[in-house]
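# Summary of the model geometry
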Amino acid sequence: MKVALFGLLAVAGGLFVAMELGLRSLFGFGNPLIYIRDEDIGYLLAPNQRTRRFGNRIEINEYSMRSGPINQTPAPSRLRVLLLGDSIANGGWWTDQTQTISSLLMNSLAVAKAGNYQEVEVLNASTNSWGPRNELAYLQKFGNFNAQALVLLINTDDLFATAPTSLVVGCDRNYPDSKPPLAIIEVLQRYVFSSKPIPEMQRLNNEDGDRVGVNLEAMSKILALTQQSNSKFLLVMTPLLREIGSPGSRDYEITARQRLRDFTESQQITYIDFLPIFQETTKEQDLYQDHIHLNSQGNLLVSQVIERSLLEILI
């Protein structure tokens, strides 16, 4: 009886170890990206992280960017572009480091040999669910790293983004502040157990006032900081998948989009709206990972259009 019991325990233990190792090696569970709180920005990806999720390599540098290590000041022969954005710029777990918009843009600019620069570097300062106010706070804290151009990449939802907050860090399963002890525990936390609601977030999500106006003001301040450093500024917006075909943009989104266009015209901002560009594609679904995020094909298209605009304003 005891021998049989020990045998069953050995088999169960072996299966547990095999499952744990498989979840870690094949899917990257047990080593998620972790987040830190910031009083002004709300939250950041913790600096100096490396991991793989579902086979995709993710690297976060010392400035919480999805980029490799950098020097604060680039060499005179190097073109530096700062890409500032949210999860679309970041690429998330579904995008390998080499397939992010910043990496694709860096490679294409290097081939194009923009201006008289011998090297090209595109920095990726982005985090999931950031809005213009988070991005402004990041720029105010770290500066633009002496970039010759700043690309602010937003999506339609960002026009309605709420104020920065750190409430989600350590409370929302998508924003862990520490590594789980086991990969199996992370799987259970993410896919089995429900996240506890955060009452304060409900109140924040119901933020009163003119959110679109507040976010346009944040973009105006980003523009001002960019101009103060004698850098070029490019504003880019991607649509939600449903906006491309039917049912299309909702009335309040159409109104907000027009306000943004009026803002860019009054401020003389170079602006790329990807809604008409994506509408020209025959299979817009092929560009998306889900209803809002782009896949590698979508990232490639966006990087190509941004490249052309940057070459026009840099040369």
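Before reading further, recall that the structure is shown in the block above.
As a starting point, this report considers the structure included with it. (Residues numbered from 1 in each chain as written. Predicted model: local features only at pLDDT ≥ 70, side-chain atom pairs only at ≥ 80, totals over all residues. Heavy atoms only, no water.)

Take the nonpolar core next. In terms of nonpolar packing, the biggest core is built from 46 residues, with Met 65, Tyr 138, Leu 152, Met 219, Leu 235 and Leu 260 touching the most fellow members. It is helix α7 (residues 211–228) that contributes the most residues to this core, six residues altogether. Ignoring any residue separated from it by four or fewer positions in sequence, one finds Leu 235 in contact with Leu 152, Ile 154, Met 219, Leu 260, Thr 264, Ile 269, Thr 270, Tyr 271 and Ile 272. Ranked by size, the runner-up nonpolar core spans 30 residues in total, among them Leu 105, Val 122, Phe 274 and Leu 287. (Core = buried A, V, L, I, M, F, W, Y, C linked by side-chain atoms within 4.5 Å. Buried < 20%, exposed > 50% of the residue type's maximum accessible area, 1.4 Å probe, protein only. Helix = DSSP H or I, 4+ residues; strand = E, 2+ residues; numbered from the N terminus. Contact = heavy atoms within 4.5 Å.)

Our focus in this paragraph is helix α5 (residues 183–191). When α5 is considered as a whole, its buried residues turn out to be Ala 183, Ile 184 and Glu 186. Looking straight down α5, one finds that the buried residues subtend no more than 160° of arc, so they occupy a single side. (Arc of directions from axis to C-beta.)

Here the focus is the pairing of strand β3 (residues 49–53). Covered by surrounding structure in β3 are Gln 49, Thr 51 and Arg 53 only, the residues Arg 50 and Arg 52 on the alternate face being uncovered. Bridge count between β3 and strand β4 (residues 56–60): five bridges; the pairing is antiparallel. Residue pairing in the sheet places Arg 50 in a bridge with Glu 59 of β4. Where β3 folds back on β4, the antiparallel hairpin that results is connected by two residues, among which Phe 54 adopts a positive phi of roughly 50°. (Pairing = 2+ DSSP bridges.)

Before going further, it helps to examine the sheet that holds strand β8 (residues 232–238). The five strands are arranged β6-β5-β7-β8-β9 in an open sheet whose pairing can be described as parallel. Two strands lie at the open edges of the sheet, namely β6 (119–126) and β9 (270–273), each paired on one side alone. Going from strand to strand, the sheet's axes swing by 20° on average, the running direction of each strand aside. Bridging between β8 and β9 involves four bridges; their strand directions are parallel. If you follow Leu 235 over to β9, its bridge partner there is Tyr 271. Along the sheet, helix α3 (residues 101–112) contacts β5 (78–85), β6 and β7 (149–155); its crossing angle with β6, the most-contacted strand, is approximately 165°. (Axes fitted to C-alpha atoms, helices over the stretch in contact; angles between N-to-C directions.)

Quick look at a nonpolar patch on the surface now. Together, Leu 26, Phe 27, Phe 54, Trp 93, Leu 188, Tyr 191, Val 192 and Phe 193 give the surface a local cluster of nonpolar side chains, amounting to about 810 Å² of exposed area. Among the secondary structure elements, those contributing two or more residues to the nonpolar patch are α1 (2–27) and α5. Among the secondary structure elements, Phe 54 is positioned in the loop between β3 and β4. Residue classification places Phe 54 among the partly exposed positions, given a relative accessible area of 36%. (Patch = residues over 30% accessible without salt bridge, like charges linked within 9 Å, V, L, I, M, F, W, Y side chains within 5 Å. Areas by Shrake-Rupley, 256 points an atom, 1.4 Å probe, with all protein chains shown as cover. Salt bridge = Lys/Arg side-chain N within 4 Å of Asp/Glu carboxyl O.)

Turning our attention to the packing of helix α4 (residues 132–142) against α7. When two helices pack together, their arrangement is given by the angle between the helix axes and by the axis-to-axis distance. α7 packs onto α4 with a crossing angle of 25° between their chain directions and a minimal axis gap of 8 Å. In terms of orientation, α4 lies roughly parallel with respect to α7. In this structure, the crossing between α4 and α7 has a hand that is left-handed. Along its contact with α4, which presents Pro 132, Arg 133, Glu 135, Leu 136, Leu 139 and Gln 140, the element α7 presents Val 214, Asn 215, Ala 218, Met 219, Lys 221, Ile 222 and Leu 225. The residue inventory of the contact of α4 with α7, partitioned by class, reads eight nonpolar, two polar and three charged. (Parallel < 35°, antiparallel > 145°, perpendicular 65-115°, else oblique. Left-handed = near helix turned anticlockwise from the far one by under 90°. Nonpolar A, V, L, I, M, F, W, Y, C, P; charged D, E, K, R; others polar.)

In this structure the tally under the stated criterion is 17 aromatic pairs. With a centroid separation of 6.0 Å and an interplanar angle of 90°, the aromatic rings of Phe 29 and Tyr 191 are classed as edge-to-face. With a gap of 162 residues between them, Phe 29 in the loop between α1 and β1 (35–38) and Tyr 191 in helix α5 connect regions that are remote in the sequence. Here Phe 29 falls in the buried class, since its relative accessible area comes to 5%. Classification of Tyr 191 by relative accessible area gives exposed; the value is 56%. Aromatic ring contacts, followed pair by pair, group Phe 27, Phe 29, Phe 54, Trp 93, Trp 94 and Tyr 191 into a single cluster. (Phe/Tyr/Trp six-rings, centres within 6.5 Å; stacked < 30°, edge-to-face > 60°.)

Here the focus is the side chain of Asp 38. For Asp 38, the location among the structural elements is in strand β1. Ignoring anything within four residues of it in the chain, the contact list for Asp 38 reads Tyr 43, Leu 44 and Lys 141.

Attention shifts here to the side chain of Glu 253. Inspection of the secondary structure assignment puts Glu 253 in helix α9 (residues 251–266). Residue classification places Glu 253 among the buried positions, given a relative accessible area of 0%.

This part covers the pairing of strand β2 (residues 42–45). Here β1 runs beside β2; their pairing, made up of four bridges, is antiparallel. Residue pairing in the sheet places Tyr 35 in a bridge with Leu 45 of β2. Where β1 folds back onto β2 in an antiparallel hairpin, the turn is made up of three residues.

Sizing a probe to match a water molecule and rolling it over the atoms shows the empty space that remains. Taken as a whole, the largest pocket encloses approximately 680 Å³ of empty space. Surrounding the largest pocket, 26 residues form its lining, Trp 93, Trp 94, Asn 128, Asn 174 and Arg 190 being those nearest its centre. Put simply, the parts of the chain that give the lining of the largest pocket at least two residues each are α2 (87–90) and α5. Residues belonging to the lining of the largest pocket are distributed by class as follows: twelve nonpolar, nine polar and five charged. A volume near 550 Å³ is recorded for the second largest pocket. Ser 129, Val 168, Tyr 175, Met 201 and Asn 205 are, among the 29 residues lining the second largest pocket, the residues nearest its centre. With four residues, helix α6 (residues 199–205) is the largest single contributor of residues to the lining of the second largest pocket. Looking at the lining of the second largest pocket residue by residue, the class counts come to twelve nonpolar, twelve polar and five charged. (1 Å grid on protein atoms, 1.4 Å probe; cavity = no way out; pocket = protein on both sides within 12 Å on 5 of 7 lines; lining within 4 Å. Points joined across faces, edges and corners; volume = space filled by probe spheres on them.)

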